[in-house]
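Remarks on the overall topology
Given next are the chains, with one letter for each unit.
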Amino acid sequence: MREIIFRRKPSFRTGRDDDQQSNVPDDMWRKCGGCGDLIYARELERAHHVCPRCSYHFRLSARQRIELLADADSYEPWDESLTTNDPLNFTTGNERYIERARAIAARSDNDANEALSSGRIEIDGRPLVVAATDFSFMGASMGSAYGEKLARACRRAAERGLPVLTISSSGGARMQEGLFSLMQMAKTTAAFDLLRAARLPHFSLLVDPCYGGVTASYAATADIVIAEPGARIGFAGPRVIEQVTRQKLPEGFQTAEFLLDHGLIDQVVPRAEVRATLATLIDLFVPQSLNAQQAAARLVGAGVSSGG
Ligand SMILES: [Zn+2]
(Lines give C-alpha, C1' and ligand atoms only; values in the text may rest on other atoms or scores of the structure.)
Protein backbone atom coordinates (compact mmCIF):
# COMPACT_ATOMS: atom_id res chain seq x y z
CA MET A 1 0.00 0.00 0.00
CA ARG A 2 1.39 3.35 -1.00
CA GLU A 3 1.98 5.72 1.81
CA ILE A 4 0.45 9.11 1.39
CA ILE A 5 2.12 11.93 3.23
CA PHE A 6 -0.02 14.92 4.06
CA ARG A 7 1.91 18.07 4.64
CA ARG A 8 0.33 20.64 6.89
CA LYS A 9 -0.15 23.84 4.94
CA PRO A 10 -1.42 27.13 6.23
CA SER A 11 -5.12 27.40 5.41
CA PHE A 12 -4.64 30.88 4.01
CA ARG A 13 -1.84 33.30 3.23
CA THR A 14 -2.06 36.98 3.76
CA GLY A 15 -1.64 39.38 0.86
CA ARG A 16 1.39 40.80 2.64
CA ASP A 17 3.25 37.49 2.42
CA ASP A 18 2.59 37.27 -1.31
CA ASP A 19 3.65 40.83 -1.87
CA GLN A 20 6.88 40.43 0.02
CA GLN A 21 7.74 37.61 -2.35
CA SER A 22 6.97 39.64 -5.46
CA ASN A 23 8.27 42.95 -4.05
CA VAL A 24 5.03 44.69 -5.01
CA PRO A 25 3.60 47.01 -2.34
CA ASP A 26 0.25 45.61 -1.19
CA ASP A 27 -1.54 48.94 -1.59
CA MET A 28 -0.55 49.64 -5.20
CA TRP A 29 -3.50 47.90 -6.86
CA ARG A 30 -7.08 47.44 -5.72
CA LYS A 31 -9.53 44.91 -7.09
CA CYS A 32 -12.92 46.33 -8.07
CA GLY A 33 -15.86 44.76 -6.24
CA GLY A 34 -18.05 45.46 -9.28
CA CYS A 35 -16.21 44.47 -12.47
CA GLY A 36 -13.26 42.66 -10.88
CA ASP A 37 -10.67 44.78 -12.69
CA LEU A 38 -7.42 45.75 -10.99
CA ILE A 39 -7.20 49.51 -10.58
CA TYR A 40 -4.08 51.49 -9.82
CA ALA A 41 -4.52 52.85 -6.27
CA ARG A 42 -3.52 56.42 -7.20
CA GLU A 43 -6.03 56.43 -10.06
CA LEU A 44 -8.72 55.18 -7.69
CA GLU A 45 -7.93 57.91 -5.19
CA ARG A 46 -8.19 60.59 -7.86
CA ALA A 47 -11.63 59.19 -8.78
CA HIS A 48 -12.93 59.47 -5.15
CA HIS A 49 -12.55 55.67 -4.81
CA VAL A 50 -15.10 55.03 -7.56
CA CYS A 51 -14.20 52.50 -10.26
CA PRO A 52 -13.52 54.44 -13.49
CA ARG A 53 -14.77 51.47 -15.52
CA CYS A 54 -18.02 50.37 -13.83
CA SER A 55 -18.69 53.16 -11.24
CA TYR A 56 -18.55 50.72 -8.33
CA HIS A 57 -18.27 52.77 -5.12
CA PHE A 58 -15.53 51.37 -2.86
CA ARG A 59 -16.04 51.45 0.92
CA LEU A 60 -14.44 54.36 2.73
CA SER A 61 -13.44 54.85 6.35
CA ALA A 62 -15.11 57.61 8.37
CA ARG A 63 -11.95 59.68 8.03
CA GLN A 64 -11.93 59.31 4.23
CA ARG A 65 -15.62 60.26 4.08
CA ILE A 66 -15.04 63.42 6.07
CA GLU A 67 -11.89 64.35 4.13
CA LEU A 68 -13.79 63.99 0.87
CA LEU A 69 -16.47 66.47 1.94
CA ALA A 70 -14.81 68.96 4.26
CA ASP A 71 -12.87 72.06 3.27
CA ALA A 72 -9.16 71.56 3.95
CA ASP A 73 -8.34 71.79 7.69
CA SER A 74 -11.95 72.59 8.59
CA TYR A 75 -12.68 69.33 10.47
CA GLU A 76 -12.93 69.80 14.22
CA PRO A 77 -13.44 66.35 15.79
CA TRP A 78 -15.63 66.00 18.86
CA ASP A 79 -15.76 63.52 21.75
CA GLU A 80 -12.75 61.51 20.61
CA SER A 81 -12.17 60.37 24.17
CA LEU A 82 -15.55 58.64 24.39
CA THR A 83 -14.80 54.94 24.24
CA THR A 84 -16.70 51.70 23.94
CA ASN A 85 -18.52 50.52 27.05
CA ASP A 86 -19.06 46.91 28.05
CA PRO A 87 -22.16 46.95 30.28
CA LEU A 88 -22.74 43.17 30.04
CA ASN A 89 -19.11 42.07 30.46
CA PHE A 90 -19.63 40.25 27.17
CA THR A 91 -17.32 37.43 26.11
CA THR A 92 -17.26 35.24 22.99
CA GLY A 93 -15.16 32.14 23.52
CA ASN A 94 -11.95 33.44 25.06
CA GLU A 95 -12.29 36.93 23.66
CA ARG A 96 -13.71 39.78 25.66
CA TYR A 97 -15.79 42.25 23.67
CA ILE A 98 -14.13 45.29 25.23
CA GLU A 99 -10.64 44.03 24.35
CA ARG A 100 -11.66 43.38 20.76
CA ALA A 101 -13.14 46.88 20.47
CA ARG A 102 -9.98 48.44 21.91
CA ALA A 103 -7.77 46.47 19.51
CA ILE A 104 -9.83 47.64 16.52
CA ALA A 105 -9.71 51.24 17.76
CA ALA A 106 -5.91 51.00 18.13
CA ARG A 107 -5.35 49.98 14.51
CA SER A 108 -8.09 52.18 13.00
CA ASP A 109 -7.10 55.12 10.80
CA ASN A 110 -9.75 57.23 12.52
CA ASP A 111 -9.20 59.52 15.46
CA ALA A 112 -12.34 58.14 17.04
CA ASN A 113 -12.37 55.27 19.51
CA GLU A 114 -15.70 54.05 18.19
CA ALA A 115 -17.54 53.25 14.96
CA LEU A 116 -18.79 56.85 14.71
CA SER A 117 -16.70 59.98 14.13
CA SER A 118 -18.38 63.31 14.74
CA GLY A 119 -17.46 66.96 14.60
CA ARG A 120 -17.81 70.25 12.80
CA ILE A 121 -16.78 70.76 9.19
CA GLU A 122 -17.26 73.37 6.49
CA ILE A 123 -18.30 72.81 2.88
CA ASP A 124 -17.18 75.78 0.78
CA GLY A 125 -17.37 77.87 3.94
CA ARG A 126 -20.80 76.55 5.04
CA PRO A 127 -20.53 75.17 8.59
CA LEU A 128 -22.27 71.92 9.49
CA VAL A 129 -22.04 69.03 11.92
CA VAL A 130 -21.02 65.66 10.52
CA ALA A 131 -21.38 62.19 12.03
CA ALA A 132 -19.88 59.44 9.89
CA THR A 133 -19.73 55.71 10.59
CA ASP A 134 -16.85 53.36 9.92
CA PHE A 135 -17.87 49.89 8.73
CA SER A 136 -14.45 48.46 9.55
CA PHE A 137 -15.19 49.07 13.26
CA MET A 138 -17.33 46.02 14.12
CA GLY A 139 -19.58 46.54 11.11
CA ALA A 140 -20.28 50.11 12.31
CA SER A 141 -22.73 48.64 14.78
CA MET A 142 -24.46 51.11 17.09
CA GLY A 143 -23.44 50.75 20.73
CA SER A 144 -23.81 53.09 23.72
CA ALA A 145 -20.74 55.22 22.90
CA TYR A 146 -21.87 55.62 19.27
CA GLY A 147 -25.33 56.69 20.45
CA GLU A 148 -23.93 59.12 22.99
CA LYS A 149 -21.60 60.73 20.43
CA LEU A 150 -24.46 61.20 18.00
CA ALA A 151 -26.78 62.59 20.68
CA ARG A 152 -24.11 65.09 21.78
CA ALA A 153 -23.49 66.11 18.15
CA CYS A 154 -27.23 66.82 17.70
CA ARG A 155 -27.41 68.90 20.86
CA ARG A 156 -24.40 71.01 19.89
CA ALA A 157 -25.75 71.47 16.37
CA ALA A 158 -29.09 72.67 17.75
CA GLU A 159 -27.40 75.06 20.15
CA ARG A 160 -25.08 76.49 17.50
CA GLY A 161 -27.62 76.71 14.70
CA LEU A 162 -25.93 74.16 12.45
CA PRO A 163 -27.45 71.48 10.19
CA VAL A 164 -26.41 67.85 10.68
CA LEU A 165 -25.15 65.42 8.06
CA THR A 166 -25.09 61.76 9.03
CA ILE A 167 -23.21 59.30 6.81
CA SER A 168 -24.38 55.81 7.63
CA SER A 169 -23.09 52.39 6.71
CA SER A 170 -23.96 49.88 9.38
CA GLY A 171 -24.91 46.36 10.28
CA GLY A 172 -27.32 47.71 12.93
CA ALA A 173 -27.31 47.49 16.71
CA ARG A 174 -24.20 46.29 18.60
CA MET A 175 -25.55 43.02 19.97
CA GLN A 176 -22.61 42.63 22.38
CA GLU A 177 -24.26 45.43 24.38
CA GLY A 178 -27.69 43.76 24.35
CA LEU A 179 -30.62 45.97 25.31
CA PHE A 180 -28.30 48.98 25.73
CA SER A 181 -27.58 48.90 22.00
CA LEU A 182 -31.27 48.66 21.08
CA MET A 183 -31.98 51.69 23.29
CA GLN A 184 -29.68 53.74 21.05
CA MET A 185 -32.35 53.61 18.32
CA ALA A 186 -34.74 55.57 20.55
CA LYS A 187 -31.99 57.77 21.99
CA THR A 188 -30.56 58.89 18.65
CA THR A 189 -33.97 59.43 17.05
CA ALA A 190 -35.03 61.52 20.05
CA ALA A 191 -31.79 63.53 19.83
CA PHE A 192 -32.79 64.69 16.36
CA ASP A 193 -35.97 66.16 17.89
CA LEU A 194 -33.69 68.87 19.32
CA LEU A 195 -32.70 69.74 15.77
CA ARG A 196 -36.35 69.78 14.71
CA ALA A 197 -37.19 72.07 17.64
CA ALA A 198 -34.48 74.47 16.44
CA ARG A 199 -35.89 74.09 12.88
CA LEU A 200 -32.56 72.87 11.53
CA PRO A 201 -32.29 70.15 8.89
CA HIS A 202 -30.87 66.65 9.15
CA PHE A 203 -29.38 65.31 5.92
CA SER A 204 -28.80 61.58 5.80
CA LEU A 205 -26.39 59.96 3.36
CA LEU A 206 -26.78 56.18 3.20
CA VAL A 207 -23.81 54.23 1.89
CA ASP A 208 -23.26 50.54 1.26
CA PRO A 209 -24.25 48.54 3.27
CA CYS A 210 -26.78 50.14 5.64
CA TYR A 211 -28.97 47.75 7.61
CA GLY A 212 -30.67 46.96 10.89
CA GLY A 213 -31.23 49.36 13.75
CA VAL A 214 -29.48 52.27 12.04
CA THR A 215 -31.74 52.19 8.97
CA ALA A 216 -34.66 51.58 11.34
CA SER A 217 -33.92 54.71 13.38
CA TYR A 218 -32.28 58.08 12.76
CA ALA A 219 -30.78 57.31 9.31
CA ALA A 220 -34.20 56.99 7.67
CA THR A 221 -36.05 59.74 9.54
CA ALA A 222 -33.96 62.64 8.18
CA ASP A 223 -35.45 65.61 6.34
CA ILE A 224 -33.53 64.61 3.22
CA VAL A 225 -32.27 61.07 2.63
CA ILE A 226 -29.79 60.51 -0.17
CA ALA A 227 -27.79 57.43 -1.08
CA GLU A 228 -24.78 56.46 -3.14
CA PRO A 229 -25.42 54.49 -6.35
CA GLY A 230 -25.81 50.76 -5.82
CA ALA A 231 -25.82 51.03 -2.00
CA ARG A 232 -27.69 48.19 -0.35
CA ILE A 233 -30.12 49.55 2.22
CA GLY A 234 -32.69 47.76 4.33
CA PHE A 235 -33.62 46.39 7.73
CA ALA A 236 -33.25 42.61 7.43
CA GLY A 237 -31.14 41.23 4.59
CA PRO A 238 -32.75 39.80 1.42
CA ARG A 239 -32.01 36.17 2.32
CA VAL A 240 -33.85 36.48 5.64
CA ILE A 241 -36.82 38.17 3.95
CA GLU A 242 -37.00 35.45 1.28
CA GLN A 243 -36.95 32.76 3.96
CA VAL A 244 -39.64 34.43 6.05
CA THR A 245 -41.99 35.44 3.21
CA ARG A 246 -41.18 32.44 0.99
CA GLN A 247 -41.28 34.72 -2.02
CA LYS A 248 -38.71 35.51 -4.68
CA LEU A 249 -37.59 39.09 -4.30
CA PRO A 250 -37.57 41.43 -7.33
CA GLU A 251 -34.38 42.29 -9.22
CA GLY A 252 -32.34 45.03 -7.54
CA PHE A 253 -34.29 44.72 -4.26
CA GLN A 254 -32.85 46.94 -1.46
CA THR A 255 -30.55 48.91 -3.76
CA ALA A 256 -30.56 52.71 -3.60
CA GLU A 257 -32.14 52.86 -7.07
CA PHE A 258 -34.94 50.46 -6.04
CA LEU A 259 -35.65 52.50 -2.90
CA LEU A 260 -35.75 55.73 -4.92
CA ASP A 261 -38.30 54.20 -7.31
CA HIS A 262 -40.43 53.19 -4.31
CA GLY A 263 -40.26 56.54 -2.53
CA LEU A 264 -38.07 55.58 0.44
CA ILE A 265 -35.21 57.93 -0.37
CA ASP A 266 -35.06 61.33 -2.06
CA GLN A 267 -32.12 61.06 -4.44
CA VAL A 268 -29.29 58.81 -5.60
CA VAL A 269 -26.12 60.90 -5.71
CA PRO A 270 -22.79 59.72 -7.18
CA ARG A 271 -19.91 60.24 -4.77
CA ALA A 272 -18.28 62.96 -6.85
CA GLU A 273 -21.49 65.05 -6.61
CA VAL A 274 -22.25 64.63 -2.89
CA ARG A 275 -20.31 67.72 -1.82
CA ALA A 276 -22.04 70.02 -4.32
CA THR A 277 -25.45 68.49 -3.52
CA LEU A 278 -24.95 69.14 0.20
CA ALA A 279 -23.87 72.74 -0.48
CA THR A 280 -27.12 73.28 -2.41
CA LEU A 281 -29.20 71.62 0.32
CA ILE A 282 -27.62 73.77 3.03
CA ASP A 283 -28.32 76.93 1.00
CA LEU A 284 -31.94 75.85 0.54
CA PHE A 285 -32.64 74.72 4.12
CA VAL A 286 -30.50 76.86 6.42
CA PRO A 287 -31.09 80.59 6.66
CA GLN A 288 -27.77 82.34 6.03
CA SER A 289 -28.43 84.80 8.85
CA LEU A 290 -29.08 82.16 11.53
CA ASN A 291 -26.61 82.51 14.35
CA ALA A 292 -26.11 80.53 17.55
CA GLN A 293 -28.14 82.99 19.66
CA GLN A 294 -31.13 82.76 17.36
CA ALA A 295 -30.86 78.96 17.29
CA ALA A 296 -30.80 78.86 21.11
CA ALA A 297 -33.85 81.15 21.17
CA ARG A 298 -35.67 78.70 18.87
CA LEU A 299 -34.88 75.86 21.26
CA VAL A 300 -36.21 77.83 24.25
CA GLY A 301 -39.27 78.82 22.20
CA ALA A 302 -39.92 75.13 21.52
CA GLY A 303 -39.69 74.35 25.24
CA VAL A 304 -36.30 72.61 25.04
CA SER A 305 -33.73 73.54 27.66
CA SER A 306 -30.28 74.30 26.33
CA GLY A 307 -26.92 73.34 27.84
CA GLY A 308 -24.93 70.16 28.48
ZN1 LIG B 1 -15.25 48.24 -11.62
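Just so you know, these numbers come straight off a predicted model, no measurement behind them. (Residues numbered from 1 in each chain as written. Predicted model: local features only at pLDDT ≥ 70, side-chain atom pairs only at ≥ 80, totals over all residues.)

Quick word on the overall build of the protein
Within the protein, the secondary structure is distributed over 11 helices and 11 strands. Residue burial in the protein is summarised as follows: out of 308 residues, 37% are buried. At a minimum sequence separation of 6, the contacts of the protein that also span at least 24 residues come to 70%. (Helix = DSSP H or I, 4+ residues; strand = E, 2+ residues; numbered from the N terminus. Buried ≥ 20, exposed ≤ 12 C-beta atoms within 10 Å, placed from the backbone. Contact = placed C-beta atoms within 7 Å.)

Digging into the confidence of the model for the protein
For the protein, per-residue confidence averages 89 on the pLDDT scale, and residues scoring 70 or more make up 87% of the total. Note that residues 9–21 has pLDDT below 50 and, in this model, six contacts with residues that lie over four places away or in other chains. (pLDDT = per-residue confidence, 0-100.)

Topic: the environment of Arg-239
With respect to the helices and strands, the residue Arg-239 is situated in helix H8 (residues 238–245). Arg-239 gets classed as exposed once you count the C-beta atoms within 10 Å, which come to 9. When the C-alpha atoms of Arg-239 and Leu-249 are compared, they prove to be 9.1 Å apart, with 10 residues separating the residues in sequence.

Description of the pairing of strand E9 (residues 202–210)
Two faces, one strand: in a regular strand the side chains alternate between the faces of the sheet. Counted residue by residue, E9 has nine buried out of nine residues, so it is predominantly covered. Note: strand E8 (residues 164–170) against E9, six bridges, orientation parallel. The residue bridging Thr-166 from the neighbouring strand is Ser-204, located in E9. Following the chain from E8 across helix H6 (residues 179–197) to the adjacent parallel E9, one finds a crossover that is right-handed. (Pairing = 2+ DSSP bridges. Right-handed = clockwise from strand over helix to strand, strands pointing away.)

As for the pairing of strand E6 (residues 116–123)
For E6, the tally of buried residues reaches six of eight residues, placing the bulk of the element in the interior. Examined bridge by bridge, strand E3 (residues 76–78) and E6 share three bridges and lie antiparallel to one another. Across the sheet, residue Pro-77 finds its bridge partner in E6, namely Gly-119. Where E6 meets strand E7 (residues 126–133), eight bridges bridge the pair, whose relative direction is antiparallel. The residue bridging Ser-118 from the neighbouring strand is Ala-131, located in E7. Connecting E6 to the next strand, E7, in antiparallel fashion are two residues, including Asp-124 with a positive phi near 45°.

Describing the environment of Gly-125
One can find Gly-125 in the loop between E6 and E7. Measuring from C-alpha to C-alpha, the distance between Gly-125 and Asp-71 comes to 7.4 Å, with 54 residues separating the pair along the chain.

Points about the sheet that holds E3
If you walk across this open sheet you meet the seven strands as E3-E6-E7-E8-E9-E10-E11, and the pairing is mixed. The sheet terminates laterally at E3 and strand E11 (267–268), the two strands that pair on one side only. Contacts from helix H3 (residues 62–69) reach E6, E7 and E8, with the element oriented near 10° to E6. (Axes fitted to C-alpha atoms, helices over the stretch in contact; angles between N-to-C directions.)

Quick look at the environment of Ala-220
Here Ala-220 shows up in the loop between helix H7 (212–215) and strand E10 (224–227). Considered as a pair, Ala-220 and Phe-203 are 17 residues apart in the sequence and their alpha carbons are 9.8 Å apart. When sequence neighbours within four positions are dropped, the list of residues in contact with Ala-220 reads Thr-215 and Val-225.

Things to note about the nonpolar core
One finds Leu-128, Cys-154, Ala-157, Ala-158, Val-164, Leu-195 and Leu-206 to be the most contacted residues of the largest nonpolar core, which totals 63 residues. The element best represented in this core is helix H5 (residues 144–160), accounting for eight residues. Ignoring anything within four residues of it in the chain, the contact list for Val-164 reads Leu-128, Val-129, Ala-131, Ala-153, Cys-154, Ala-157, Leu-195 and His-202. (Core = buried A, V, L, I, M, F, W, Y, C linked by C-beta atoms within 7 Å.)

A few points about unusual backbone geometry
Asp-208 connects to Pro-209 through a cis peptide bond whose omega is -15°. Even without glycine at this site, Asp-79 takes up a positive phi of about 50°. Residue placement: Asp-79 occurs in the loop between E3 and strand E4 (91–92). Residue Asp-79 is classed as buried on the basis of its 20 C-beta neighbours within 10 Å.

Quick notes on the packing of H5 against H6
Angle between the axes and distance between the axes are the two parameters that describe a pair of packed helices. Look at H5 against H6: their axes get within 9 Å of each other, and the N-to-C directions meet at 5°. Judged on the interaxial angle alone, H6 and H5 are roughly parallel. In this structure, H5 contributes Ser-144, Tyr-146, Gly-147, Leu-150, Ala-151, Cys-154, Arg-155, Ala-157 and Ala-158 to the contact, and H6 contributes Phe-180, Gln-184, Lys-187, Thr-188, Ala-191, Phe-192, Leu-194, Leu-195 and Ala-197. The residue makeup of the contact of H5 with H6, split by class, is 12 nonpolar, four polar and two charged. (Parallel < 35°, antiparallel > 145°, perpendicular 65-115°, else oblique. Nonpolar A, V, L, I, M, F, W, Y, C, P; charged D, E, K, R; others polar.)

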